[in-house]
Amino acid sequence: MSKLHIDSVTKSYNNKVILSDIFISCKKGEIKGLIGRNGSGKSTLLKIVFGTEKPESKFVRIGNKVIKNISDGRNLINYLPQDNFLPNNISIKSLINLFLEKENRKIVLENENVKPLLNKKNQDLSGGERRIIEILLIIHSNAEFILLDEPFNGVSPIVRDYIIEYIKKMKSSKGYIITDHDYENVINLADKIVYLQNGYLKEIKDKSELVELGYMTKTTYNTVYN
Amino acid sequence: MRILKNILLFQKKIFFISYAISILIGILFGGQPKMIGLSFLLIAPFTQYFFYEIKNKNQYYYYYNLGISNVMLWISTFVIGLINLLILMII
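Note that the structure is a prediction, hence the values are computed from the model and not measured.

## Regarding the overall build of chain B
Okay, step 1: Helix and strand content of chain B: four helices and zero strands.
Okay, step 2: Starting at the N terminus and ending at the C terminus, chain B contains elements arranged as α-α-α-α.
Okay, step 3: Along the longest, intermediate and shortest principal axes, the C-alpha atoms of chain B span 45 × 25 × 15 Å.
Okay, step 4: Each of the 91 residues in chain B was classed as buried or not, and the buried ones make up 47%.
Okay, step 5: Long-range contacts, defined here as pairs at least 24 residues apart, represent 70% of the contacts in chain B between residues at least 6 apart.
Okay, step 6: Total accessible area computed for chain B in this model is approximately 5,000 Å², and 80% of it derives from carbon and sulfur atoms.

Pasting the structure below:
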């Protein structure tokens, strides 16, 4: 079974260590949730893995293939950035046809949420509509592993629920690493949670650890989980 | 083929704007086709810098997710400029 192996990731900004010798792995069919406070380095980690951010050191491997840059990761690893990344002035239908391989297009073109938008252009869509299109494109790409950086950014609760259910439905065919500022979304979706703090990753075995680590208050924990 | 089509999508925005400016410059400097070609070769990278690096940096992620790197996109701008110059020199 294919596995995403991320090892020895180190990154500093202005002599401050953001990521220190990070190790994380993800199997196909697994959703790994990456949580941490604002500015803890979650997005930086995903960008380093994808190849758009330069680290001091990194080792990324999928199966037997070592991923050193974006071209190495073609058809293996895709990244959903926090903000809209679709080109303007081209219809959504054309974008789907250009972005996806022929065999993957039909499911997106026939999606109930996409169908009414096919003749519209990116700049004519609402934030939620754009996010749905972006997520469907990334999920139905040929990539085996998907890095989702705040997929629920700027979406209404109904769109958020749709995205959560869709990712769960499509879980078996790919591996996912997901991060979101709203920890509840990540905790609800992920099979395993890792917490990034002071440059180090810690696997969370029990949600109550998040209180001990200072990620949430005891009151919040009791309100949400008891 | 899909990669090539996406590079052309990236270039579409750069091409038309750069060409319009190049024709104007070409006319100002005597209207020779070679001059238009040379102007295009110089202006297209500036247009890419303005439209993608400054105004729409996030759109690069669309191409990155197809395995097309930033270097490949910059090279494509220069290659199209060179091809255009060669065609205009032959004319």
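Alright, that's what it looks like, and here's the rest.
## Brief notes about unusual backbone geometry
All names here are of chain A.
Okay, step 1: Positive phi, normally seen in glycine, also occurs at Ser8, with a value near 55°.
Okay, step 2: Mapped onto the elements, Ser8 comes out in strand E1 (residues 3-13).
Okay, step 3: At Asn14, a position not held by glycine, the phi torsion is positive, near 45°.
Okay, step 4: Relative to the elements of secondary structure, Asn14 occurs in the loop between E1 and strand E2 (16-27).
Okay, step 5: On the accessibility criterion, Asn14 (79% relative accessible area) is exposed.

## Re the pairing of strand E9 (residues 192-197) of chain A
Residue and element names in this part refer to chain A.
Okay, step 1: In this sheet, E9 lies alongside strand E3 (residues 31-36) in parallel orientation, the contact comprising five bridges. From the neighbouring strand, Leu34 faces E9, where its bridge partner is Val194.
Okay, step 2: As judged from the five bridges shared by E9 and strand E10 (residues 200-204), these two strands associate in the antiparallel manner. Bridge pairing in E10 places Leu196 opposite Leu201.
Okay, step 3: Following E9, the chain reverses through two residues before pairing antiparallel with E10; Asn198 in that reversal takes a positive phi of roughly 50°.

Reading guide: rules and limits
- Residues numbered from 1 in each chain as written.
- Chains lettered and ligands numbered in written order.
- Predicted model: local features only at pLDDT ≥ 70, side-chain atom pairs only at ≥ 80, totals over all residues.
- Heavy atoms only, no water.
- Helix = DSSP H or I, 4+ residues; strand = E, 2+ residues; numbered from the N terminus.
- Buried < 20%, exposed > 50% of the residue type's maximum accessible area, 1.4 Å probe, protein only.
- Contact = heavy atoms within 4.5 Å.
- Areas by Shrake-Rupley, 256 points an atom, 1.4 Å probe, with all protein chains shown as cover.
- Pairing = 2+ DSSP bridges.

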